[in-house]
Amino acid sequence: MTEKTSVAVLGTGIMGAAMARNLVMAGHDVRVWNRTRAKAEPLAGDGARVAGTPAEAVDGADVVLTMLHDGPSVGDVMREAAPALRRGAVWAQCSTVGLAALPELAAFAGEHGLVFVDAPVLGTRQPAENGQLLILAAGPDEARPALAPVFDAVGSRTIWAGDDGAVGAATRLKLVANSWVLAITNGTAEALALAKGLDVDPRDFLGLIAGGPLDVGYLHVKAAAILDDDLTPSFSTTTAEKDARLIVAAGEEAGVRMDLAAAGAERFRRAVAQGHGDEDMAASYFASFDD
């Protein structure tokens, strides 16, 4: 068993809950908090301590892990935690917050004596539950020893991005990766929607490309969700829209037009408006049709 580390997990949605369970299974002292406490309560049965406030969760923690919806949410929760943060603790910011939010979060860390690590993760529900996330990290070398057992518990591999650990290197890589993930998702949804419109059996399309250079494993995952009418979220449509908009904003800042990402964000928005926000992002399929 790895050396025991005290970890506070702030945010126990699809990803945070799975990460917390794997940390408990690895033998760490895990405290969890979620704005809606009912989402955190089941983790008590796994051995985590459920806290009533962010401050209670982080009190004395060696590592603080945030897995929340967006940058403003992370900032708000960390300000609530501030009175109990231990100077010298490592803060692994694992949410996908985009580039614009990072300077403020890093400044907060500096003000409170935290070692800040930009550490978004790549993966969805099943990899998270299996402890097989891909962790993208950027931060000072001094943070690595404390984070190694934590990252080993929740991920299959950690990639330290950038040459100097500069804040933002990991998030930039995550946005590029997510641009591809969302493009495949929307491409799958549109192809199956077109098949329906043209009275083509979608399985004929999937069989046509199977095993060839046009085949992509993720296409089959999302196609199955649509065809089996099982949109249990591994990555929600609401979150996909948020991430698509972060990708577009990052591109604009860099002088790069992200036309597909912008169109994808609009598809996700329509699906959310149709009532599919809490379903898997494969619900982009419904954006091809009127209500």
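Being a predicted model, the structure only gives us computed values, none of them experimental. (Residues numbered from 1 in each chain as written. Predicted model: local features only at pLDDT ≥ 70, side-chain atom pairs only at ≥ 80, totals over all residues. Heavy atoms only, no water.)

Visitor: Sorry if this is basic, but what is going on with the packing of aromatic side chains here?
Guide: Aromatic rings considered in pairs are described by the distance between their centres and by the relative angle of their planes. Throughout the structure, instances matching the rule amount to 5 aromatic pairs. Aromatic side chains tyrosine 285 and phenylalanine 286 sit 5.3 Å apart centroid to centroid with 80° between the ring planes, which places their arrangement in the edge-to-face category. Under the relative-accessibility criterion, tyrosine 285 is labelled buried at 12%. Given the relative accessible area of 27%, phenylalanine 286 is considered partly exposed. By the ring-pair criterion, three or more aromatic residues cluster together here, those being Trp91, Phe108 and Phe116. (Phe/Tyr/Trp six-rings, centres within 6.5 Å; stacked < 30°, edge-to-face > 60°. Buried < 20%, exposed > 50% of the residue type's maximum accessible area, 1.4 Å probe, protein only.)

Visitor: Would you mind going over the environment of leucine 122 with me for this structure?
Guide: Relative to the elements of secondary structure, leucine 122 occurs in strand β7 (residues 121–122). Spatially, the C-alpha atoms of leucine 122 and glycine 11 are 17 Å apart, while their sequence positions differ by 111 residues. Among all residues touching leucine 122, those that are not within four sequence positions of it are Leu133, Leu134, Lys174, Ala177 and Asn178. (Helix = DSSP H or I, 4+ residues; strand = E, 2+ residues; numbered from the N terminus. Contact = heavy atoms within 4.5 Å.)

Visitor: What's the story with the packing of helix α8 (residues 202–209) against helix α9 (residues 217–227) in this structure? I'm lost.
Guide: Two quantities define a packed helix pair, namely the angle between the helix axes and the distance between the axes. At their nearest, the axes of α8 and α9 sit 12 Å apart, and the two run at 170° to each other. The orientation of α8 relative to α9 falls into the category roughly antiparallel. Counting all contacts with α8, which are made through Pro202, Arg203, Phe205, Leu206 and Ile209, the residues of α9 involved are Leu219, His220, Ala223 and Leu227. When the residues that make up the contact of α8 with α9 are grouped by side-chain class, the tally is 7 nonpolar, 1 polar and 1 charged. (Axes fitted to C-alpha atoms, helices over the stretch in contact; angles between N-to-C directions. Parallel < 35°, antiparallel > 145°, perpendicular 65-115°, else oblique. Nonpolar A, V, L, I, M, F, W, Y, C, P; charged D, E, K, R; others polar.)

Visitor: Looking at this structure, I do not really get the side chain of threonine 188. What am I missing?
Guide: For threonine 188, the position within the fold is in helix α7 (residues 169–197). Residue threonine 188 is classed as buried on the basis of its relative accessible area of 2%. Residues in contact with threonine 188, not counting those within four places in the same chain, are Leu219, Lys222 and Ala223.

Visitor: Any chance you could explain a nonpolar patch on the surface here in plain terms?
Guide: Residues Leu194, Leu198 and Val200 make up a contiguous nonpolar surface patch of roughly 280 Å² in combined accessible area. On the secondary structure map, valine 200 appears in the loop between α7 and α8. (Patch = residues over 30% accessible without salt bridge, like charges linked within 9 Å, V, L, I, M, F, W, Y side chains within 5 Å. Areas by Shrake-Rupley, 256 points an atom, 1.4 Å probe, with all protein chains shown as cover. Salt bridge = Lys/Arg side-chain N within 4 Å of Asp/Glu carboxyl O.)

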